[in-house]
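# An overview of the molecular structure
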Amino acid sequence: MMTDLELANPIPAFQSVVDVLVPVALDRAYSYAVPEGMPLAPGDVVLVPLGKRETAGVVWTMRAGSGGNLKPVLGRIDVPPFNEKLRSFLDWIAWYTLAPRGLAMRLALRVPEGADTARMLEPPRIGVRIIGKAPQRMTAARSRVLASLAEGKTLLKRDLAHEAGVSQSVIDGLLDEGTLEAVALPPIPVALPPNADYVKASLSEGQEAVATALRATVREAAFSVSLVEGVTGSGKTEVYFEAVAEALRAGRQALILMPEIALTAQFLERFEARFGVKPAEWHSGITGRKRARIHAGTADGTVRVVAGARSALFMPFQDLALIVIDEEHETAYKQDDGVIYHARDMAVVRGRFENAAVVLASATPSIESKVNAERGRYRHLKLPERFGGRTMPDIHTIDLRRNPAERGRWISPPLIGAVNQTLEAGEQALLFLNRRGYAPLTVCHHCGHRFQCPNCSTWLVDHRFRRALVCHHCGHVERRPDVCPACDKADTLAACGPGVERLAEEVAEVFPDKRAIVLSSDFPGGTEHIRTQLQAIAAGEVDIVIGTQLVAKGHNFPGLTLVGVIDADVGLANGDPRAAERTFQLMQQVTGRAGRGDRPGRALIQTTQPDHPVLRAIVSGDVARFYAEEIAVREEAGLPPFGKLAALIISSPDKLEAENYARALARVAQAPQNVIVLGPAEAPLALVRGRFRFRLLVRAGRAIDLQAYLRDWLARAPKHPAKLRVAVDVDPQSFM
Ligand code: ADP
Ligand code: ZN
């Protein structure tokens, strides 16, 4: 017998087999039978048996069939389903990156531990109020309770006890006597809706033009990509907020991706100043129930704006109108293990599936985005000037060959002079060195022994604050000994080269009595500590800031007028095809911290290569020329975006095995026209976490279907032991 209700069910009764993707390294979905009376739809998150255990999975497709001898689905898990757009997006990622679909799905899977859905529920909020009946007996405490609830007020029991200065038992007594009653209060929303018109932005003419274009792209409600290229301090944030406002006006959702969300307290405050409330944050620091509620809120549409790290890209948005990728050139967007993907590129793809407007913002766009904009594939919107008539910093190099620092020191006399001038004027200086720790290398004077990581082919970095030698690749830590382990001599170990900690020591000697602060991501205290420090700098409580790239990005320090780059040669030295682009971006970002307030800024860059094209471009401000030259080089070499690249990284604890397998892989490669396979070569980082690494590089023309080529190749690959791994990196950003 079928009732009307059952007929209205979208799933016909005969469709009783589901194909479920499980979060393991498998490309194919497993089939399960649907028990009678369990209404399931594609996208539902379910609990299924997998071998001897149970796992959460996602219904990818449904088919007709009796289910026969298939194992049954155990139950539906009450978390937001994966809608069709999200499923298509994840399928696409798996196709593009060659990751197994199960792992791509796992990027978006969020189930409470042990599928214990009760953990997700908010504890009920119980309020109390007066119902009128007079208490049998009046006391001072009781009368204070009644006074607190005057005029029909409802308060949480805890708050009432606090306000009236009574214990909860006093309130319980009044509840028992029927003087008060308990009522359920609605849960506090996890994120309040931002108000598009909370503060009317007053934009400059140039900003308004860009904002108008962005509002229009959001109103179109169709896929589009716009590159907002604006110099540091031009107000890119201010301007893309207008696109967010337009999404809110349309009653839709917006996602803002940021490279270092955990550190951007300033950003959250600016958002609040513009929209009245903070956006929902999404990053690894958001945990537990809050995480579950924000996740659910994006699916039911109550969470309207998410500001998040790259993992926010996989949230189950109900109606996404806009994706902003702030600092789109940042390397932090590249995920380097598991599913290897670039969050900027995947954001553009998600935008396509969601029919959303995508906005890329940067002062120093990636070559890829720049080319796309210049060739008209992306809308190109420019903010060529700093906001409020502020000028760009005045930039010069200091040639270390002619102006060397004193022996064993790193700050050259001209830079010392400039810092003194700045401090005398009551302004702040930033000394930038992109090296964490005290010294990048420790050597024995006597025998020449160098401290190397036992698991990686890297030197151990001396961290004095932590009193340890640390590997920056695998985290290996050892005590710095007093005696050389190779020659047994005491007091022979010397630090080679500078890190920020060593620079801080020098600053204390050269600028005594000045308030200096070191900012580095590895200091104890974590994100909260760094947030406090950034606020102290912005508030002018610090004279000299010493920092790694952590300070280079996005921050606004109004009193900072001098930026000194300690060693610009660091990034230029290696053979990475992206070295020039990266150094250019980093130098632009860090020098762009100077002069963002009322007073003009300047930057001094210490280098032994003042004639290097990257530094010439930075000093002259001729950004257009740098891009033109870099793009020409890429085009000539057939490098992205003019050609395609993929890397295969073969790693194993057994060096010979890794090398032999890499050779075997290379042998079964085919080389059709416009495809070149290079290698295998030992990776520059030949040993990481105890695994020996070899690399193969595929270079292909734009017209080649690189994914098909790679799949075909890997299908012919010989079998290998489980301890050997082959990682595929499509569009590699790092060649280490
Ligand atoms: P960018 O991201 O391009 O470096 P920001 O958006 O951080 O620039 O803006 C730089 C500074 O200028 C910030 O302090 C910001 O508040 C201010 N600013 C930019 N545009 C405006 C505006 N229209 N009105 C008021 N302040 C602005
Ligand atoms: Zn290591």
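Predicted, not measured: the structure shown is a model, and the values here were computed from it. (Residues numbered from 1 in each chain as written. Chains lettered and ligands numbered in written order. Predicted model: local features only at pLDDT ≥ 70, side-chain atom pairs only at ≥ 80, totals over all residues. Heavy atoms only, no water.)

### Digging into the site of ligand 1
Heads up, the rule is: A single heavy atom is enough: if one lies within 4 Å of a molecule or strand, its residue is considered near that molecule or strand. Polar contacts, as counted here, are pairs of nitrogen or oxygen atoms within 3.5 Å of one another; within protein the pair requires one atom able to donate a hydrogen and one able to accept it, and residues that are adjacent in sequence qualify only if both atoms are side-chain atoms. In this description, accessible areas are obtained by the Shrake-Rupley approach with a 1.4 Å probe, and a residue is regarded as covered only by the protein chains that are shown. Helix and strand definitions follow DSSP, with helices as H or I runs of at least four residues and strands as E runs of at least two, each counted in order from the N terminus.
Taken together, 15 residues are adjacent to ligand 1, and Ser202, Gly233, Lys236, Arg270 and Asn556 come closest. Gly235 places a main-chain nitrogen or oxygen 3.0 Å from an oxygen atom of ligand 1. In the environment of ligand 1, an oxygen atom lies 2.6 Å from a nitrogen or oxygen atom belonging to the side chain of Asn556. Alone, ligand 1 offers 560 Å² of accessible surface; in the complex the protein occludes 79% of this. No other element matches the three residues that helix 8 (residues 236–249) contributes to the shell around ligand 1.

### With respect to the domain arrangement of the protein
The criterion, for reference: For the domain bounds, the source is a domain assignment made automatically or taken from a database. Whether two residues are in contact is decided by their heavy atoms, any of which lying within 4.5 Å being enough. When two parts are put together, the accessible area they lose, computed with a 1.4 Å probe and summed over both, is reported as buried area.
Parsing the protein into structural domains produces domain 1 (4–118), domain 2 (125–185), domain 3 (205–388), domain 4 (392–435 + 498–632) and domain 5 (643–730). Look at where the C-alpha atoms of domain 1 and domain 3 centre, and you get two points 30 Å apart. Listed per partner, the contact involves 18 residues of domain 1 and 21 residues of domain 3. Between domain 1 and domain 3, a total of about 1,700 Å² is buried, with carbon and sulfur atoms accounting for 74% of that surface.

### Remarks on the coordination of the zinc ion (ligand 2)
Let me state the cut-off plainly: Metal donors: N, O and S atoms at distances within 2.8 Å, or within 3.2 Å for Na, K and Ca, with water omitted from the atom set so that some sites may seem incomplete. Residue exposure (1.4 Å probe, protein chains only): buried if accessible area is under 20% of the type maximum, exposed if over 50%, otherwise partly exposed.
In the first shell of the zinc ion (ligand 2), the protein supplies Cys453 (SG), Cys456 (SG), Cys471 (SG) and Cys474 (SG), at 2.3 to 2.4 Å from the metal. Donor residues binding the zinc ion (ligand 2) come from one chain and are separated in sequence as C-x2-C-x14-C-x2-C. In this pair, Cys456 sits in the loop between strand 20 (441–444) and strand 21 (461–463) while Cys471 sits in the loop between strand 22 (468–470) and strand 23 (477–478), placing the two residues 15 residues apart along the sequence. By relative accessible area, which is 2% here, Cys471 ends up buried.

### Details of the nonpolar core
Stated formally: Here, nonpolar core means buried Ala, Val, Leu, Ile, Met, Phe, Trp, Tyr and Cys residues that are tied together by side-chain atoms lying within 4.5 Å of each other.
Formed by 75 residues in total, the largest nonpolar core has its most connected members in Phe82, Leu255, Val306, Leu313, Ile650, Leu710 and Trp713. No other element matches the seven residues that helix 2 (residues 84–97) contributes to this core. When residues no more than four places from it in sequence are discounted, the contact partners of Phe82 are Pro42, Gly43, Val45, Val58, Trp60, Arg87, Leu90, Met105, Ala108 and Leu109. Among the nonpolar cores identified, the runner-up in size contains 39 residues, and Ile517, Leu572, Ala594 and Tyr627 belong to it.

### Some thoughts on the pairing of strand 31 (residues 691–701)
Operational definition: Whether two strands pair depends on DSSP finding at least two bridges between them.
Burial within strand 31 is extensive, with eight of its 11 residues counted as buried. One ladder, built from 10 bridges, connects strand 29 (residues 643–652) with strand 31; its direction is antiparallel. When the sheet's bridge partners are listed, Ser651 is paired in strand 31 with Arg693. Turn length for the strand 30 (residues 675–688)-strand 31 hairpin, with the two strands adjacent in sequence and antiparallel, is two residues, and the turn residue Arg689 shows positive phi of about 50°.

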